[in-house]
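# Architecture and fold: a report
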Amino acid sequence: RIVQLSDVHIGETLDRRFAKTVTAHANGLKPNLIAVTGDLIDGAVHKLRDEVQPLSGLRAEHGVYYVTGNHEYYHGGSAWQAEARRLGFTVLHNEHVVVADGKLVIGGVPDVEGGNFSPAHAPDAHASFAAAPVDVPRILHAHQPRFAKAAAAVNVALMLSGHTHGGQIFPFMFFVKLQQPVIGGFSTLHGVPTYTSNGTGYWGPPFRIGARGEVTE
């Protein structure tokens, strides 16, 4: 059982109370693994450390895994990776871990915009699974679903993404398709089975119309 949190966007209007609610809801699903697929925040670490602190309570049998989204890079991508580690998350930066007694490989890449801020933060699907065991299912964490095109080359059984917010406010979901191959939900992109979360929080206007937020199980 995987529980996915994406686009939580802890910031000016979503604070530690929201983080506490999300943590309790995710833990209540008794996940084997928790995937945090980017855009956790909207602000700098020194401003939001207390607001994200409740997320340190996330618990799953095989751990909590995190990749950066584009918003982390607007506020210090490396700093937020360090903060995620402080919260107890395993940061997947073009790397993988093997879990469940060798029966599952969990990989992750930085956001596709990461390379615009630093070459060291460019996503690399091949590097993320370098030396990974063969014939073992691979789950890839990648913030934007358009990364599926690159993921197609590394035999991914499932990619977990977010970024789109499901459009968040009608009719903006129709504009999402100008940048992304999917608005939300499950689809197969370039041969890669992909789940794109509507997002757990929101960005910009503090509401949603026609696209519910989600903690995905």
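These figures come from a predicted structure and were not determined experimentally.

Here we take up the environment of Ser6. Looking at where Ser6 falls in the secondary structure, it is placed in the loop between strand E1 (2-5) and helix H1 (16-28). With 86 residues separating them along the chain, Ser6 and Leu92 place their C-alpha atoms 15 Å apart. Discounting chain neighbours no more than four positions away, the residues touching Ser6 are Thr37, Gly38, His143, Ser161, Gly162, His163, Ser197, Gly199, Thr200 and Gly201. Side-chain polar atoms of Ser6 contact the side chain of Thr37, separated by 2.8 Å.

Before going further, it helps to spend a moment on the packing of aromatic side chains. If you walk through the whole model with that rule in mind, you get three aromatic pairs. For the ring pair Tyr66 and Phe89, a centre distance of 6.2 Å and an interplane angle of 40° mean the geometry is tilted. Taken together, the positions of Tyr66 in strand E3 (residues 64-67) and Phe89 in the loop between helix H4 (77-86) and strand E4 (90-91) put the pair 23 residues apart, joining distant regions of the chain. The two residues Tyr66 and Phe89 agree in class, both being buried. Three or more aromatic residues joined by ring pairs make a cluster, and in this case those are Tyr73, Tyr74 and Phe117.

This brings us to the sheet that holds strand E2 (residues 33-37). Spatially, four strands are ordered E1-E2-E3-E4 in an open sheet, and the strand pairing comes out parallel. In the strand order of this sheet, the two ends are held by E1 and E4, each with one partner. Here E1 pairs with E2 via four bridges, running parallel. Each bridged residue has a counterpart across the sheet, and for Ile2 the counterpart in E2 is Leu33.

Reading guide: rules and limits
- Residues numbered from 1 in each chain as written.
- Predicted model: local features only at pLDDT ≥ 70, side-chain atom pairs only at ≥ 80, totals over all residues.
- Heavy atoms only, no water.
- Helix = DSSP H or I, 4+ residues; strand = E, 2+ residues; numbered from the N terminus.
- Contact = heavy atoms within 4.5 Å.
- Polar contact = N/O pair within 3.5 Å; in protein donor to acceptor, adjacent residues only side chain to side chain.
- Phe/Tyr/Trp six-rings, centres within 6.5 Å; stacked < 30°, edge-to-face > 60°.
- Buried < 20%, exposed > 50% of the residue type's maximum accessible area, 1.4 Å probe, protein only.
- Pairing = 2+ DSSP bridges.

Structural measurements only, silent on function.
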